[in-house]
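Overview (structure and organization)
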Amino acid sequence: MATNIGMMDSAYFVGRSEILAWINSTLQLNLSKVEEACSGAVHCQLMDSVHPGMVPMHKVNFDAKSEYEMIQNYKVLQDVFNKLKITKHIEVNKLIKGRPLDNLEFMQWMKRYCDSVNGGLIHSYNPLERREASKGGKEASKKSSSSQSTTKGVTAASKNQSSHSARRNDVSSANPITQVVKTSKPSAVVPAYDEQITELKLSVDSLEKERDFYFAKLRDIEILCQSHEIEHLPVVGAIKRILYSTDDDTSVVAEAQAMVSHHQKEAEPLSPIAEVSEERTSSETQKRKNIVNLDVDAAGVTTLSPRQRLSDVSDVHCSGSPLMTY
């Protein structure tokens, strides 16, 4: 079963028209937009169609208008997922907003899941009867039947009008074949334009969603860089330089790298081992100088001549040394 489908799966490339045709034929409804199923009641009945009796239809509200009532429908759907051990996450807050892209993606997943159960074959399922047990189910069935009858009447009237106009053109026109070709061209061109417009809207929605995602990431980085604990770091300054650059110059990244490397060079301290070794070297040098001075003084004393030594003694005698008074 398709409980886990990747975003690049073929299920997410099914168009809106095919999804709407599948919903309306399965449940006998007349939805014109996928987002009309945002209340969650349609999803509940689709699960009931592939798993009869699994969904408590008396808890489903087809007349849900407020977000609270819609959330109750999605709670019923989540309970069914839990019973069937389906691990699909339901983004209720996005679905109840009625955004076209979110509702289309979830409905694409629903179609893929329903097709994977029994090959998509539904036997003896009466959607009108099952919907009557739910709140607002009868009104939904009446609306769909009345809109279908109105559509049939409009289609029949258009056919009669077109046939009448064709007869009148056959009588009045000199070249009826040319007239038929001219009138058939706009009807063939308009659906093609509608399909292109739908595809463009889907691509725009997808791009906006991707843009919002990456903008939120950049905003988180900006908030982190503005915190007082790290806003003075050079790495943070380099990140801000890239974030706030207003041009497409490729040198911005090089400048940011230069800022970080320059700070690292300035902040490189001397290692403790080098400082200790320098202190030891200076102290040893001073000791060597003192030893050399002592050696020089001793050598000077020993090299005096005998006459110089006697003169030194006489100097001592003349100075009135106590040893020479007697």
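See above for the structure.
Here's what I pulled together on the structure shown here. If you're wondering where the values come from, they're calculated on a predicted model, not measured in any experiment.

**Topic: the overall build of the chain**
Looking only at helices and strands, the chain features 12 helices and 0 strands. Counting from the amino terminus, helix and strand elements in the chain follow one another as α-α-α-α-α-α-α-α-α-α-α-α. Counting across all 326 residues of the chain, residues that qualify as buried make up 25%. Considering only residue pairs separated by 6 or more positions, the chain has 62% of its internal contacts joining residues 24 or more positions apart. Carbon together with sulfur atoms contributes 58% to the accessible area of the chain, which is approximately 22900 Å² in total.

**Describing helix α2 (residues 41-50)**
In terms of residue burial, α2 counts as a mostly covered element, since 10 of its 10 residues are buried. Three or more residues of α2 are buried, namely A41, V42, H43, C44, Q45, L46, M47, D48, S49 and V50. Lining the buried residues of α2 we find α1 (16-27), α3 (67-83), α5 (100-116) and α6 (127-131).

**Concerning the packing of aromatic side chains**
With the rule as written, the count across this model stands at 4 aromatic pairs. Judged by centre distance (5.7 Å) and plane angle (55°), the ring pair of F81 and W109 falls under tilted. Of this pair, F81 sits in helix α3 while W109 is found in helix α5, placing the two residues 28 residues apart along the sequence. Each member of the pair F81 and W109 is classed as buried. For the pair F106 and W109, a centre-to-centre distance of 6.1 Å together with 15° between the ring planes defines the contact as stacked.

**A closer look at the pattern of salt bridges**
Taken as a whole and assessed by the stated rule, the structure comprises 13 salt bridges. For K94, the salt bridge is made with E91, and the minimal N-O distance between the two is 3.6 Å. Among the ionic contacts, a cluster of salt bridges with common partners joins R99, D102, E105 and K209.

**A few points about the nonpolar core**
Core analysis: the biggest nonpolar cluster contains 44 residues, and V42, M47 and M107 have the highest contact counts within it. At the level of elements, α1, α2, α3, α4 (92-95) and α5 are the ones that each hand at least two residues to this core. If one sorts the elements of this core by residue count, α5 sits on top with 7 residues. Sequence-distant contacts of M47, defined by excluding residues within four places in its chain, comprise V55, L77, V80, F81, L84, I86, M110 and Y113.

**Focus: α1**
Residue pairs spaced three or four apart in an α-helix point in one direction, given the helix's 3.6 residues per turn. Its 12 residues place the ends of α1 16 Å apart at the C-alpha level, agreeing with the 16 Å of an ideal helix rising 1.5 Å per residue. Among the residues of α1, R16, I19, L20, W22, I23, N24, T26 and L27 are the ones counted as buried. Backbone geometry just after α1 places Q28 at a positive phi near 55°.

**Observations concerning a nonpolar patch on the surface**
Together, L218, I221, V235 and I239 make up an exposed nonpolar region whose accessible area comes to about 310 Å². Listing elements by their share of the nonpolar patch, those giving two or more residues are α8 (176-225) and α9 (234-243). For L218, the location among the structural elements is in helix α8.

Cut-offs applied
Residues numbered from 1 in each chain as written. Predicted model: local features only at pLDDT ≥ 70, side-chain atom pairs only at ≥ 80, totals over all residues. Heavy atoms only, no water. Helix = DSSP H or I, 4+ residues; strand = E, 2+ residues; numbered from the N terminus. Buried < 20%, exposed > 50% of the residue type's maximum accessible area, 1.4 Å probe, protein only. Contact = heavy atoms within 4.5 Å. Areas by Shrake-Rupley, 256 points an atom, 1.4 Å probe, with all protein chains shown as cover. Phe/Tyr/Trp six-rings, centres within 6.5 Å; stacked < 30°, edge-to-face > 60°. Salt bridge = Lys/Arg side-chain N within 4 Å of Asp/Glu carboxyl O. Core = buried A, V, L, I, M, F, W, Y, C linked by side-chain atoms within 4.5 Å. Expected span 1.5 Å × (residues − 1). Patch = residues over 30% accessible without salt bridge, like charges linked within 9 Å, V, L, I, M, F, W, Y side chains within 5 Å.

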